[in-house]
Amino acid sequence: MKKVIYSALAIAIIAISSCGNNAEENTKAASKKTEVQKEPEAPLAPASERITLSNKGVGPIKNIELAAIDPEMVKRGMELFKTNCSACHKIDKRFIGPSPKGVTQRRSPEWIMNMILEPQMMVEQDRCAKDLLVEFNGAAMANQNMTEEQARDILEYFRTLEE
Amino acid sequence: MKIKQIKLYAAIATSFLMVNCGNQGDAGTQKSGGALNSGIAEKVYIAPGERDEQYAFISGGYSGNLLVYGLPSGRLFKEIPVFSQFATSGYGYSEETKPMLNTSFGFVPWDDLHHPDISQTKGELDGRWVFVNGNNTPRIARVSLSTFETEEIIEVPNSAGNHSSSFVTENSEYVIAGTRFSVPVPQRDMPIKEYKSNFKGALTFIEVEPEHGHMDIKFQLIMPGFNYDLSHPGRDKSHGWFFFSTYNTEEASSLLEVNASQNDKDFIAAINWKKIEEYVNNGGGTKMPAKYAHNVYDESTHTGTSTMKDEVLTVNPSDVPGAIFLLPTPKSPHGCDVDPSGQYIIGSGKLSADLTIHSFDKMIAAIDAEKFDGEAYGIPVLKFEEVLAGTVKSGGLGPLHTEFDGKGNAYTTFFISSEVVKWKLGTWEVVDRKPTYYSVGHLMIPGGNSRKPHGKYLVALNKITKDRYLPTGPEMEHSAQIYDISGEKMELLLDFPTHGEPHYAAGCDADLIVNNSKKIYRLDENKHPYAITSPDQAKVVREGNEVHIYMSTIRSHFTPDNIEGIKIGDKVYFHITNHEQDFDVPHGFAMIGAKTSEILVMPGQTKTSLWEPSRVGVWPFYCTDFCSALHQEMQGYIRVSPANSDLELSWSLGED
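What this report covers is the structure whose coordinates are included nearby.

For the rest of this paragraph, the subject is the overall build of chain B. A tally of regular secondary structure across chain B gives seven helices and 46 strands. Compactness check: chain B gives a C-alpha radius of gyration of 27 Å against a globular reference of 26 Å for 656 residues, within 12% of the reference. With the C-alpha coordinates aligned to their principal axes, the bounding extent of chain B is approximately 85 × 65 × 45 Å. By residue count, 60% of the 656 residues in chain B fall in the buried class. When contacts within chain B are restricted to residue pairs at least 6 apart in sequence, long-range pairs at least 24 apart make up 63% of them. Summed over its atoms, the accessible surface of chain B is roughly 25,300 Å², and 53% of this surface lies on carbon and sulfur atoms.

Here we take up the overall build of chain A. Counting its secondary structure elements, chain A contains seven helices and zero strands. Ordered by position from N to C terminus, the α and β elements of chain A give α-α-α-α-α-α-α. A buried classification covers 38% of the 163 residues belonging to chain A. Taking the contacts inside chain A whose residues are at least 6 apart along the sequence as the reference set, 76% of them involve residues at least 24 apart. Roughly 10,200 Å² of accessible area belongs to chain A as shown, and the carbon and sulfur atoms make up 59% of that amount.

Okay, the side chain of Glu170 of chain B next. Residue and element names in this part refer to chain B. Take Glu170: it is sitting in the loop between β10 (167-168) and β11 (174-178). With relative accessibility at 4%, the residue Glu170 sits in the buried group. Only 2.8 Å separates the side chain of Glu170 from the backbone nitrogen of Asp236, close enough to count as a polar contact. Residues in contact with Glu170, not counting those within four places in the same chain, are Gln120, Thr121, Lys122, Gly123, Arg235, Asp236, His239 and Arg451.

Here helix α2 (residues 71-84) of chain A contains 14 residues, and its C-alpha end-to-end distance of 20 Å stays within 8% of the 20 Å for a straight helix at 1.5 Å per residue. Residues of α2 of chain A that are buried: Met73, Val74, Gly77, Leu80, Phe81, Thr83 and Asn84 of chain A. Here the buried face of α2 of chain A lies against α7 (148-159) of chain A together with β37 (546-554) of chain B. Taking the backbone nitrogen of Glu72 of chain A as reference, a side-chain oxygen 2.9 Å away marks Asp70 of chain A as the first, capping residue of α2 of chain A.

We now examine the interface of chain A and chain B. On the chain B side, the residues contacting the 17 residues of chain A number 19 residues. For the pairing of chain A and chain B, the buried interface totals around 1,400 Å² over both sides, and the portion due to carbon and sulfur atoms is 54%. Of all residues in chain A, the largest losses of buried area upon contact with chain B belong to Thr83, Ala87 and Gln144 of chain A, amounting jointly to 29% of the total for that side. Linking chain A to chain B there are five residue pairs in polar contact (both at pLDDT 80 or more). Here the side of chain A that touches chain B is built from residues that sort into six nonpolar, eight polar and three charged.

Per the counting criterion, the structure on display carries 31 aromatic pairs over all chains. With a centroid separation of 6.2 Å and an interplanar angle of 45 degrees, the aromatic rings of Tyr157 of chain A and Phe158 of chain A are classed as tilted. Note on Tyr157 of chain A: relative accessible area 8%, which makes it buried. A relative accessible area of 9% places Phe158 of chain A in the buried class. Look at Phe589 of chain B and Phe621 of chain B: their rings are 5.5 Å apart centre to centre, the planes differ by 45 degrees, and that puts the pair in the tilted class. With Phe589 of chain B in strand β41 (residues 587-591) and Phe621 of chain B in strand β44 (residues 617-622), the pair connects residues that are 32 residues apart, well separated along the chain. Each member of the pair, Phe589 of chain B as well as Phe621 of chain B, carries the same accessibility label: buried. An aromatic cluster is present here, built from Tyr174, Phe205, Phe219, Phe242, Phe244 and Trp273 of chain B joined pairwise through their rings. Positioned above the aromatic ring of Tyr377 of chain B, the side-chain terminus of Lys200 of chain B is 5.6 Å from the ring centre. Over the aromatic face of Tyr550 of chain B sits the side chain of Lys539 of chain B, whose NZ or CZ is 4.7 Å from the ring centroid.

Attention now moves to the packing of α2 of chain A against α7 of chain A. Residues and elements named next belong to chain A. As a packed pair, α2 and α7 sit with axes 7 Å apart at the nearest point and diverge in direction by 100 degrees. On the basis of the axis angle, α2 is roughly perpendicular to α7. Touching Met73, Val74, Arg76, Gly77, Met78, Leu80 and Phe81 of α2 are Gln150, Arg152, Asp153, Ile154, Glu156, Tyr157 and Phe158, all from α7. In the contact of α2 with α7, the residues fall into eight nonpolar, two polar and four charged.

This part covers the pairing of strand β7 (residues 124-134) of chain B. All names here are of chain B. The element β7 is extensively covered by neighbouring structure, given that nine of its eleven residues are classed as buried. Direction of pairing for strand β6 (residues 117-121) relative to β7: antiparallel, over a ladder of four bridges. Note that in β7 the partner of Ile118 across the bridge is Val130. A loop of two residues connects β6 with β7, the two strands running antiparallel in sequence, and Lys122 in this loop sits at a positive phi of about 50 degrees. Here six bridges tie β7 to strand β8 (residues 139-144), and the two strands are oriented antiparallel to one another. Across the sheet, the residue bridging to Asn133 is Ile140, located in β8.

Residues and elements named next belong to chain B. Under the criterion given, the structure shown has 35 salt bridges over all chains. Ionic pairing is found between Glu152 and Arg142, a salt bridge with its closest N-O pair at 2.9 Å. Of the two residues, Glu152 is situated in strand β9 (residues 150-155) and Arg142 in strand β8; the sequence distance between them amounts to ten residues. The pair Glu152 / Arg142 is uniform in exposure class, with both members buried. Here Glu299 ties to Lys518 by a salt bridge, and the two come within 3.1 Å at their closest N and O atoms.

What counts as what
Residues numbered from 1 in each chain as written. Chains lettered and ligands numbered in written order. Predicted model: local features only at pLDDT ≥ 70, side-chain atom pairs only at ≥ 80, totals over all residues. Heavy atoms only, no water. Helix = DSSP H or I, 4+ residues; strand = E, 2+ residues; numbered from the N terminus. Rg over C-alpha atoms; globule rule 2.2 N^0.38 Å. Buried < 20%, exposed > 50% of the residue type's maximum accessible area, 1.4 Å probe, protein only. Contact = heavy atoms within 4.5 Å. Areas by Shrake-Rupley, 256 points an atom, 1.4 Å probe, with all protein chains shown as cover. Polar contact = N/O pair within 3.5 Å; in protein donor to acceptor, adjacent residues only side chain to side chain. Expected span 1.5 Å × (residues − 1). Buried area = accessible area lost by both parts, 1.4 Å probe. Nonpolar A, V, L, I, M, F, W, Y, C, P; charged D, E, K, R; others polar. Phe/Tyr/Trp six-rings, centres within 6.5 Å; stacked < 30°, edge-to-face > 60°. Lys NZ or Arg CZ within 6 Å of the ring centre and 35° of its normal. Axes fitted to C-alpha atoms, helices over the stretch in contact; angles between N-to-C directions. Parallel < 35°, antiparallel > 145°, perpendicular 65-115°, else oblique. Pairing = 2+ DSSP bridges. Salt bridge = Lys/Arg side-chain N within 4 Å of Asp/Glu carboxyl O.

Shown next, in the form of structure tokens:
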């Protein structure tokens with residue numbers, strides 16, 4: 001009698017685990033496929049150190065042409081940064097989020113503005129933004145309701161913060 | 001005779017109640033059967049992520065608050081504190097909002113909120129403000145439909161039991177506050193028994209400034225010492241008039257239950273306010289000393305201020321002949337409602353089975369032809385039959401309130417017989433009746449007291465709940481019911497609980513409000529004297545034993561979050577500016593042992609909480625609103641030293 005129960009159990013376990021294995025294999029295969037297509041194979045550097053200048057990110061900003069630095073925009077951008085961003089971003093150090101110093105050497109102008117304008121969409125859809133969120137303890141960047149003009153001014157200010 | 005009559009009514013009332021109880025089981029089955037057959041459930045079902053068609057602003061009665069619901073779902077969206085302290089947001093506890101509850105009696109942190117009315121332009125709802133009345137300590141408040149916050153409260157002097165309020169004229173020229181209880185005017189030490197002819201009833205016309213809605217008492221009409229129960233403005237053709245129902249024209253001061261029911265007819269007082277306004281504009285009226293508070297909340301400083309006024313302009317009815325008339329109306333009329341065309345004034349004699357409808361045209365003709373039936377304190381009484389348009393013989397008992405659908409129909413609640421009765425304007429025939437559960441008071445059709453009702457639903461606001469919900473001890477929240485009134489017959493759709501006691505309500509199409517609803521306060525428009533617009537302005541300042549902490553919040557930290565140098569005996573003011581600029585991201589602030597409340601600070605707003613530390617130690621504070629994945633980390637410490645400590649103030653965040 002006992003034996004019967006054991007063998008029944010064994011069959012059940014096999015059935016369950018084989019189901020599990022199949023499913024796992026399937027997902028593995030699927031994710032492998034996409035990874036091969038989308039991501040570079042080498043282990044990535046920490047997101048804050050990566051250079052992703054060709055990535056424009058996700059959001060309303062598709063193309064920005066940069067001219068010579070406009071001091072008026074810089075001034076406005078600096079004020080906006082102070083009020084809306086400096087609670088989490090310090091110029092001289094890593095704080096809640098990364099320092100903006102040198103950010104224009106690491107990220108495209110479009111990526112920077114999209115990150116300011118649509119932080120939530122960015123962390124959902126942009127790999128670099130997503131990795132930054134993880135690197136910075138899951139402290140999601142706040143949407144400060146900036147207009148495109150304001151985001152552009154902040155970008156201009158960032159251009160003066162080269163490393 | 002009178003007592004016999006009351007007994008008879010009581011007997012009838014009891015039989016109605018019994019009928020109701022009997023019906024109840026049936027109603028339950030009918031309801032579920034009906035839902036299956038005719039898709040009632042679908043009519044009130046708002047799928048996840050979908051939104052309601054209409055707003056309903058339902059009074060919270062003795063909670064002192066105004067409640068915002070969706071129609072047809074009956075879902076509660078928000079409780080707006082008006083006359084009461086509200087620990088949820090810190091309203092009435094925060095330094096900025098304490099002045100809103102100031103009165104000539106001092107700080108009165110509660111009231112009995114009754115009749116919401118949405119502002120109007122050209123007789124149609126304009127969705128800018130809701131006016132509400134505090135019944136107990138007479139006050140009128142204006143609530144913004146952009147911020148959904150109380151922006152202004154004005155106290156009403158010479159009034160007591162501010163009940164025939166807070167109804168607006170058709171361009172929101174005035175919001176009206178009539179007294180239910182007459183009192184000595186001015187107040188004085190006198191025998192109560194000398195009430196008759198000595199007590200007065202003040203009807204107050206509060207001017208509304210068109211751009212910002214600021215209120216100011218234009219004049220008070222000092223009427224005879226009746227009880228002014230409810231009121232409504234004339235509209236369209238009767239615009240310029242206001243109608244007040246009265247009872248206790250007997251001028252009894254005791255056992256009103258019997259003594260105020262002696263006269264077969266009381267009055268609806270018709271007031272030509274345009275005429276009185278003209279009289280006042282030409283220098284008429286008498287200024288009299290009166291102490292009353294006027295409290296205004298400024299959106300840019302996020303701060304309320306209270307000013308004590310000391311004078312009010314009064315008008316004696318006999319000084320403005322031809323402006324005030326009394327329309328005899330049977331059986332202690334309660335509701336006093338005007339149809340969308342402005343032609344009919346409906347008096348609901350609450351001790352009667354019938355409704356009395358007066359005709360505005362007939363009233364004007366009777367005035368012109370001087371068809372008077374005597375006078376009361378110099379005010380002409382019009383002949384009943386000369387102003388009567390008709391009577392609705394409803395067969396119900398205890399009519400209270402009437403609203404309109406804009407399609408020629410009126411709907412009246414009957415308290416004693418627990419039902420809503422639909423009848424036709426002009427022919428006075430009853431076309432439908434539906435039970436309510438139980439003892440319905442007010443009813444509301446969105447826009448139903450304007451020229452243009454948004455009539456599709458009717459909300460019945462009941463006084464008694466009994467067995468409609470799972471029991472919650474002796475106290476049950478009052479029940480409300482939603483009826484579909486788009487067809488010939490009313491159809492009961494839904495039961496839902498209200499909060500406090502739902503006296504009147506106001507409602508409108510959602511479109512009127514949705515796009516104006518504010519999402520954030522802009523940080524660059526914040527003019528609060530203790531605001532900081534960037535975290536580098538954070539500081540702690542000592543002024544004697546007062547310590548002001550200029551603090552900011554963003555997901556998910558306070559700046560600063562470590563503070564030392566606070567001492568026993570200090571009064572510590574936390575001025576907290578929320579640096580978020582994103583919709584629906586408030587931060588809370590709670591300090592251990594604070595004897596006020598927590599505060600909830602909206603994006604871009606500054607609020608102040610007072611804390612008087614009583615024990616030496618290191619005490620935490622934290623954010624009460626789950627703001628991000630790192631919300632649990634949003635905390636800080638304050639070191640409290642003995643009173644004689646000479647530790648200097650210091651503050652920091654991180655390694656700063």
